[in-house]
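What follows is the residue order along each chain.
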Amino acid sequence: MDSAIRVEQLKKCFGSVTALDGVDFAVPRGTVLGLLGPNGAGKTTAVRILTTILKRDGGVAEVLGIDVGADPQGVRERIGLAGQYAAVDENLTGSENLWLIGKLSHLEPKTIRPRAVELLERFELDRAAERPVRTYSGGMRRRLDLAAALVHRPEVLFLDEPTTGLDPQGRTGLWRVIEELVREGTTVLLTTQYLEEADYLADNIVVIDHGHVIAEGTAAQLKARLGATIVEVGFADVAAAQRGRNVLGGLGPSDVDGDGHTVELKANDGARIAIDVVRALDREGLEPASLVLREPTLDDVFLTLTGHAAEESTSDEEQDESGGRRRTRGAA
Amino acid sequence: MTATVISPAAVERPKRSAFAWAVADTKTIAWRNLVTLRRLPQLLVFATIQPVIFVLMFRYVFGGAIHIQHGSYVNYLMPGVFAQTVAFGAIQTGIGLAEDLHKGLIERFRSLPMARSAVLSGRTLADLTRNVFVMVLMIAIGYLVGFRVQTNVFGLLGGMAVMLFFGFSLTWIFAIIGLSTTNAESAQAASFPILAPLVFASSAFVVVGTMPGWLQGFAKYQPLSIAIDASRSLMLGGIYSDTGKVFASIAWSIGIIAVFAPLAIRRYRKAA
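About the thresholds
Residues numbered from 1 in each chain as written. Chains lettered and ligands numbered in written order. Predicted model: local features only at pLDDT ≥ 70, side-chain atom pairs only at ≥ 80, totals over all residues. Helix = DSSP H or I, 4+ residues; strand = E, 2+ residues; numbered from the N terminus. Buried ≥ 20, exposed ≤ 12 C-beta atoms within 10 Å, placed from the backbone. Contact = placed C-beta atoms within 7 Å. Domains from an automatic or database assignment. pLDDT = per-residue confidence, 0-100. Nonpolar A, V, L, I, M, F, W, Y, C, P; charged D, E, K, R; others polar. Pairing = 2+ DSSP bridges. Axes fitted to C-alpha atoms, helices over the stretch in contact; angles between N-to-C directions. Expected span 1.5 Å × (residues − 1). Parallel < 35°, antiparallel > 145°, perpendicular 65-115°, else oblique. Left-handed = near helix turned anticlockwise from the far one by under 90°.

## Notes on the overall build of chain A
At step 1: The helix and strand inventory of chain A stands at 11 helices and 14 strands.
At step 2: By residue count, 47% of the 332 residues in chain A fall in the buried class.

## Observations regarding the overall build of chain B
At step 1: Across its full length, chain B carries 10 helices and zero strands.
At step 2: Counting from the amino terminus, chain B carries its helices and strands in the arrangement α-α-α-α-α-α-α-α-α-α.
At step 3: With the C-alpha coordinates aligned to their principal axes, the bounding extent of chain B is approximately 75 × 35 × 35 Å.
At step 4: Across the 272 residues that make up chain B, the buried fraction comes to 46%.
At step 5: In chain B, of all internal contacts separated by at least 6 residues, the share reaching a separation of at least 24 is 82%.

## Quick word on the domain arrangement of chain A
At step 1: Along its sequence, chain A is carved into domain 1 (3-223) and domain 2 (229-294).
At step 2: Placing a centre on the C-alpha atoms of domain 1 of chain A and another on those of domain 2 of chain A gives a separation of 41 Å.

## Brief notes about the confidence of the model for chain B
At step 1: The pLDDT averaged across chain B works out to 89; a share of 95% of its residues lies at or above 70.
At step 2: This complex was scored by the predictor with a pTM of 0.82 and an ipTM of 0.86.

## Considering the interface of chain A and chain B
At step 1: With 36 residues of chain A in contact, the opposing surface of chain B contributes 31 residues.
At step 2: Those elements that provide at least two residues to the side of chain A that touches chain B are helix H2 (72-76), strand E6 (79-82), helix H3 (94-104), helix H4 (109-122) and helix H6 (168-183) of chain A.
At step 3: Top contributing element to the side of chain A that touches chain B by residue count: H3 of chain A, with five residues.
At step 4: Of the residues contributing to the side of chain A that touches chain B, the split by class is 14 nonpolar, 10 polar and 12 charged.

## Things to note about the environment of Glu 99 of chain B
At step 1: Structurally, the position occupied by Glu 99 of chain B is in helix H3 (residues 73-102).
At step 2: Along the sequence, Glu 99 of chain B and Phe 19 of chain B sit 80 residues apart, while their C-alpha atoms lie 27 Å from each other.

## Brief notes about the sheet that holds strand E7 (residues 156-160) of chain A
Residue and element names in this part refer to chain A.
At step 1: Spatially, the six strands line up as an open sheet ordered E6-E7-E8-E3-E9-E10, and their pairing is mixed. The open sheet terminates on both sides in strands that have one partner only, identified here as E6 and strand E10 (212-217). Pairs of neighbouring strands in the sheet enclose a mean axial angle of 15°, with direction left out of account.
At step 2: With four bridges joining them, E6 and E7 adopt parallel strand pairing. Bridging across to E7, Gly 80 finds its partner in Leu 157.

## With respect to helix H5 (residues 118-144) of chain B
At step 1: Taking 1.5 Å per residue, 27 residues should reach 39 Å; H5 of chain B reaches 39 Å between its end C-alpha atoms and fits that length.
At step 2: Directly after H5 of chain B, the chain includes Gly 146 of chain B, whose backbone phi takes a positive value near 105°.

## What about the packing of H3 of chain B against H5 of chain B?
All names here are of chain B.
At step 1: In the contact formed by H3 and H5, the axes pass within 10 Å of each other and the chain directions differ by 150°. The angle between H3 and H5 falls in the class roughly antiparallel. In the packing of H3 onto H5, the handedness of the crossing is right-handed. Counted together, Met 78, Val 81, Phe 82, Thr 85, Val 86, Gly 89, Gln 92, Thr 93, Gly 96 and Leu 97 of H3 and Arg 123, Thr 124, Asp 127, Asn 131, Val 134, Met 135, Met 138 and Gly 142 of H5 form the full contact between these two elements.
At step 2: Of the residues that constitute the contact of H3 with H5, the class distribution is eight nonpolar, eight polar and two charged.

## What about the sheet that holds strand E2 (residues 17-28) of chain A?
Residue and element names in this part refer to chain A.
At step 1: Here we have four strands laid out as an open sheet, ordered E2-E1-E4-E5, and antiparallel in their pairing. At either end of the open sheet lies a strand with only one pairing partner, and these are E2 and strand E5 (66-67).
At step 2: By the bridge criterion, five bridges tie strand E1 (residues 3-14) to strand E4 (residues 58-63) in an arrangement that is antiparallel. Bridging across to E4, Arg 6 finds its partner in Glu 62.
At step 3: Against the sheet, helix H1 (residues 43-50) engages E1, E2 and E4, with an angle of about 115° to E1.

## Looking at the confidence of the model for chain A
Residue and element names in this part refer to chain A.
At step 1: Looking at chain A, pLDDT values average 84 and 89% of them are 70 or higher.
At step 2: Element-level pLDDT for chain A is lowest in helix H11 (residues 298-306), with a mean of 71, against a maximum mean of 95 in H3.
At step 3: A low-confidence stretch, residues 312-332 (pLDDT under 50), is modelled with 45 contacts involving residues beyond four sequence positions or located in other chains.

## Section: H3 of chain B
At step 1: An ideal rise of 1.5 Å per residue puts 44 Å on 30 residues; H3 of chain B measures up with 44 Å between its terminal C-alpha atoms.
At step 2: Summarising burial for H3 of chain B: 26 of the 30 residues are buried, a large majority.

## Describing unusual backbone geometry
Residues and elements named next belong to chain A.
At step 1: The phi torsion at Leu 64 lies on the positive side, around 50°, for a residue other than glycine.
At step 2: Locating Leu 64 in the fold gives a position in the loop between E4 and E5.
At step 3: Phi is positive for His 210, which is not a glycine, with a value near 50°.
At step 4: Structurally, His 210 is set in the loop between strand E9 (204-209) and E10.
At step 5: Among the residues examined, His 210 registers 19 C-beta atoms within 10 Å and is labelled partly exposed.

## So, the environment of Ile 29 of chain B
Residue and element names in this part refer to chain B.
At step 1: Within the element layout of this structure, Ile 29 appears in helix H1 (residues 18-39).
At step 2: Considering only alpha carbons, one finds Ile 29 and Leu 120, 91 residues apart in sequence, at a separation of 8.5 Å.
At step 3: Once you skip the residues sitting within four places of it in the chain, Ile 29 turns out to touch Ala 118, Val 119, Gly 122 and Arg 123.

As structure tokens, then:
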């Protein structure tokens, strides 16, 4: 299968800050690539280069076989971009916004109107179509933003943190729309900070950190690398937790968590581990205060792959990627 | 929910030259900015509040203390107020661009196959259109407080045209400021220190001859004074007649555009 997007040894620096340091990935046509990483990892920079907004410093960047530097116009005619912000004009109505983007995409005027009507209906904005966007909710703005990215029927769609800042309902609504787009043949490159989102939407996931690709694969493959299940056993005090760790250490890679009261255990055999944990604790006469089985989160992926949590560590790497939501989990 | 609604497909694009597209895109962006003006007519009113206050203040408060050798002070004053109006109006260009940048609209525009120059030319043309309305309003207000054109309707229109062209040239300077800041507030804050000396150290409100010698050199030859003198020449004639100033003002405006429009477009390419 040929690639809709091909990136090889992509490099970009902002002054002394290296945003992308030799990134490689490819997105086969009709699939979704999830570009996963914390703020400042270089996700947005990669999207900006591929959408011809930024110039790269080195490497290959091709969209539909077109070099983004050699023929940016050719690329622009065939891609759609929905960014971190709902980039719509507040003072125009929903349909005027789509008209504006259609005109600026150089479509035939007679094709823009029916296309706008279609999209507004599809995104359940038809009743708000003639209202200024100023009156829209956050979710409605995002949907209009996505509709605007689709006016010219792009073959490749770039979604830069499309659901950041949305409520859960808005998020799942947007996910369904994206799924449908892909079913109909659109290739999607999606950046996100949420493993859950990449898990749900992406055929393939590329994890980047500090401008490097640190892992690649399907969601299942990535999770398998860290253990499919994480068991968190809470104890009443630090001493009990230490004993617990000694007991449970034999069952898999384990660690005592930040507060010193919780032992975290990674396992590959799913819920089966719970039985072993309970048996081992019972044998030693240790009583856990809590017992939680959960799937790995993005933080777990990062802790395992990089040794640091998925929160941004320094502010200077944020330079080109502000506005993202911060993750707040204590570093290990 | 039919399968054809959002699916990708080849779209037809009319074939046109790059220049024709630039003109079409400029019209589209200008339309977009003018819709905002139509939808929020209070912007037009706000644009006239400050100059109206100046008219009232200089006409009725300071005016009595300012002595003009020939003709009435209100006739002398109004071309100065017109200049002040277009000059402060030009800040709006920068504010508008800074807002578009802040909200991510510029980023989207840059991912579209539209002409790179259109975001700026569309914005400055929309602001020129807005200035036409503001100028007509200001002339009406001038008439209410006693301003009378001393030449004829061509003088009036010519004086307006010189002033509007000068205002248009200034919008390119403020476009650069708007694209260099990240929000409306800082665009506004950065613009005022540039405008204040242009507007106040000028022939707008008082005769330059009353200023200290060191200031006269600047006040006499700076472009805002020239534009004011040019429109006085056209609107008032008589003692103010000076065709050379009219040409000088047009030359200034062309020069400002020739320097700052390419700089603004370059700035736009790099912004965001």
